[in-house]
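Each chain, written out:
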Amino acid sequence: MTRAILLRGYDYGDTSRIFRFYTREHGLLSVIAKGVRGRSGKGAAVMSSFATGELTAYVKPQRDLHTMKDFQCTRLREGLGRDVLRFAGASAAAELVLVHAEAERQPGVFEALDTAMDALAEAPPGRLPGTVLASLWTITEAFGFAPQLDPCVRCDTPLGGDEVGRFDFAAGGVRCASCGHDSAGPRVGPVARRQLADLLAGELPDDLTHGRQHLALVSDFIAYHVASKPLKSLAFLGGLMPGGPEEVTDA
Ligand SMILES: [Zn+2]
């Protein structure tokens with residue numbers, strides 16, 4: 001038995017369903033639940049995406065699909081269905097884990113995802129854009145890919161208090177102003193760097209603006225370092241985030 005978060009489920013055959021879970025003990029795990037769609041099927045009602053519970057499965061080494069015995073939901077997170085931004089944020093967090101995680105134990109990733117799903121389900125509406133960003137950054141960091149915000153990724157010089165650097169996706173962080181003038185990455189000033197540091201720590205900056213630009217930054221970082229391609233759910237999420245056409249900067 002292991003704590004597990006349901007990421008995705010789909011029908012299989014006439015009566016079964018296949019579920020993809022992120023589990024605390026085994027990482028990403030695909031299980032088949034036989035007979036759950038028949039008239040005598042039990043438990044299917046609580047098999048709702050992004051729920052956390054206790055999963056019991058017959059896990060065999062060297063196999064890709066395991067047999068589910070039971071899933072006892074402990075957190076259903078019905079709040080995620082209340083609005084589209086909450087649901088899109090949860091979908092993006094799930095997709096991030098699905099594209100990068102493997103069948104190996106990474107408790108830090110489990111805790112980051114579980115915390116993110118709770119926060120997305122419960123955040124007040126005004127805090128939701130920041131919660132979406134913090135969820136994506138904390139999961140990214142749990143995978144081991146935090147961006148370097150200071151010192152400069154190229155010359156190692158600490159950035160000054162009012163210095164506007166530029167993000168360098170290939171190098172995985174921020175360049176100082178002198179190294180940044182030939183970079184095409186978005187500008188990141190001191191406020192944006194502090195906001196990024198807060199979001200990486202799972203904290204919401206009180207002055208968070210430019211939600212769409214922040215989302216573009218985390219999306220591009222994920223595409224470059226974690227997923228090796230843009231995530232579909234992040235493109236959808238971009239249209240829901242507040243923010244104008246500016247770059248992430250301290251105008
Ligand atoms: Zn530099």
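Quick caveat, the model's predicted, so the values are computed rather than measured.

**A look at the coordination of the zinc ion**
For step 1, the next point in the chain: At 2.3 Å from the zinc ion lie its protein donor atoms, namely Cys 152 (SG), Cys 155 (SG), Cys 176 (SG) and Cys 179 (SG).
For step 2, the next point in the chain: For the zinc ion, the 4 donor atoms in the first shell make angles of 102 to 115° at the metal, a pattern classed as tetrahedral.
For step 3, the next point in the chain: The exposure class assigned to Cys 152 is buried, which follows from its relative accessible area of 1%.

**Topic: the environment of Met 47**
For step 1, the next point in the chain: On the secondary structure map, Met 47 appears in the loop between strand E3 (27-33) and strand E4 (52-58).
For step 2, the next point in the chain: As a C-alpha pair, Met 47 and Gln 72 span 25 residues in sequence and 9.1 Å in three-dimensional space.
For step 3, the next point in the chain: Look past the residues within four positions of Met 47 in its chain and what remains in contact with it is Leu 6, Phe 19, Phe 21, Met 68 and Phe 71.

**Details of the packing of aromatic side chains**
For step 1, the next point in the chain: For the structure shown, the criterion picks out 6 aromatic pairs.
For step 2, the next point in the chain: Taken together through their ring pairs, the aromatic side chains of Trp 137, Phe 167, Phe 169 and Phe 221 make up a single cluster.

**Side note on the packing of helix H3 (residues 128-142) against helix H5 (residues 190-200)**
For step 1, the next point in the chain: Running from amino to carboxyl end, H3 crosses H5 at an angle of 70°, the nearest separation of the two axes being 7 Å. Accordingly, the angle class assigned to the pair H3 and H5 is roughly perpendicular. Within the contact between the two elements, H3 uses Gly 130, Leu 133, Ala 134, Trp 137, Thr 138 and Glu 141 and H5 uses Leu 196, Leu 199 and Leu 200.
For step 2, the next point in the chain: A per-class count over the contact of H3 with H5 returns 6 nonpolar, 2 polar and 1 charged.

**Concerning H5**
Side chains of residues three or four places apart in an α-helix project in the same direction, reflecting 3.6 residues per turn.
For step 1, the next point in the chain: For H5, the set of buried residues is Ala 192, Arg 193, Gln 195, Leu 196, Leu 199 and Leu 200. The arc that holds the buried residues of H5, viewed along the axis, is 160°, so those residues lie on one side.
For step 2, the next point in the chain: Elements that come into contact with the buried residues of H5 comprise H3, strand E6 (165-168), strand E7 (173-175), strand E8 (187-188) and helix H6 (211-225).
For step 3, the next point in the chain: Note on H5: the residue one or two positions beyond its end, Gly 202, has a positive phi of about 80°.

**Brief notes about the sheet that holds strand E5 (residues 65-75)**
For step 1, the next point in the chain: What the 5 strands build is a closed barrel, ordered E1-E2-E3-E5-E4; its pairing is mixed. Strand after strand, the sheet turns through a mean of 45° between neighbouring axes, direction not considered.
For step 2, the next point in the chain: Running at roughly 90° to strand E1 (residues 2-12), helix H1 (residues 84-100) makes contact with E1, strand E2 (16-23) and E3 of the sheet.

**As for unusual backbone geometry**
For step 1, the next point in the chain: Residue Pro 151 is reached from Asp 150 by a cis peptide bond, and omega for that bond is 0°.
For step 2, the next point in the chain: Within the fold, Pro 151 resides in the loop between H3 and E6.
For step 3, the next point in the chain: With phi around 70°, Gln 62 is a residue other than glycine that occupies positive phi space.
For step 4, the next point in the chain: Looking at the secondary structure, you find Gln 62 in the loop between E4 and E5.

**A word on the pattern of salt bridges**
For step 1, the next point in the chain: Following the criterion strictly, the structure yields 16 salt bridges and no others.
For step 2, the next point in the chain: Between Arg 75 and Asp 118 there is a salt bridge, with the nearest N and O atoms lying 2.7 Å from each other. In this pair, Arg 75 is assigned in strand E5 and Asp 118 in helix H2 (residues 107-122), connecting sequence segments 43 residues apart.
For step 3, the next point in the chain: With relative accessibility at 35%, the residue Arg 75 sits in the partly exposed group.
For step 4, the next point in the chain: The salt bridge partner of Asp 118 is Arg 77, with a shortest N-O separation of 2.9 Å. You can see Asp 118 sitting in helix H2 and its partner Arg 77 sitting in the loop between E5 and H1, a full 41 residues away along the chain.
For step 5, the next point in the chain: Overall, Asp 118 belongs to the buried group, its relative accessible area being 18%.

**A closer look at the packing of H2 against H3**
For step 1, the next point in the chain: Taken N-terminus to C-terminus, the directions of H2 and H3 make an angle of 175°; their axes are 9 Å apart at the nearest point. In terms of their interaxial angle, H2 and H3 are classed as roughly antiparallel. Mapping the contact onto sequence places Gly 108, Val 109, Ala 112, Leu 113, Ala 116, Ala 119 and Leu 120 in H2 and Leu 128, Thr 131, Val 132, Ser 135, Thr 138, Ile 139 and Ala 142 in H3.
For step 2, the next point in the chain: Residues of the contact of H2 with H3, tallied by class, amount to 10 nonpolar, 4 polar and no charged.

How each quantity is defined
- Residues numbered from 1 in each chain as written.
- Predicted model: local features only at pLDDT ≥ 70, side-chain atom pairs only at ≥ 80, totals over all residues.
- Heavy atoms only, no water.
- Donors = N, O, S within 2.8 Å, 3.2 Å for Na, K, Ca; no water.
- Tetrahedral: all angles 85-135°; square planar, octahedral: opposite > 155°, others 65-115°.
- Buried < 20%, exposed > 50% of the residue type's maximum accessible area, 1.4 Å probe, protein only.
- Helix = DSSP H or I, 4+ residues; strand = E, 2+ residues; numbered from the N terminus.
- Contact = heavy atoms within 4.5 Å.
- Phe/Tyr/Trp six-rings, centres within 6.5 Å; stacked < 30°, edge-to-face > 60°.
- Axes fitted to C-alpha atoms, helices over the stretch in contact; angles between N-to-C directions.
- Parallel < 35°, antiparallel > 145°, perpendicular 65-115°, else oblique.
- Nonpolar A, V, L, I, M, F, W, Y, C, P; charged D, E, K, R; others polar.
- Arc of directions from axis to C-beta.
- Pairing = 2+ DSSP bridges.
- Salt bridge = Lys/Arg side-chain N within 4 Å of Asp/Glu carboxyl O.

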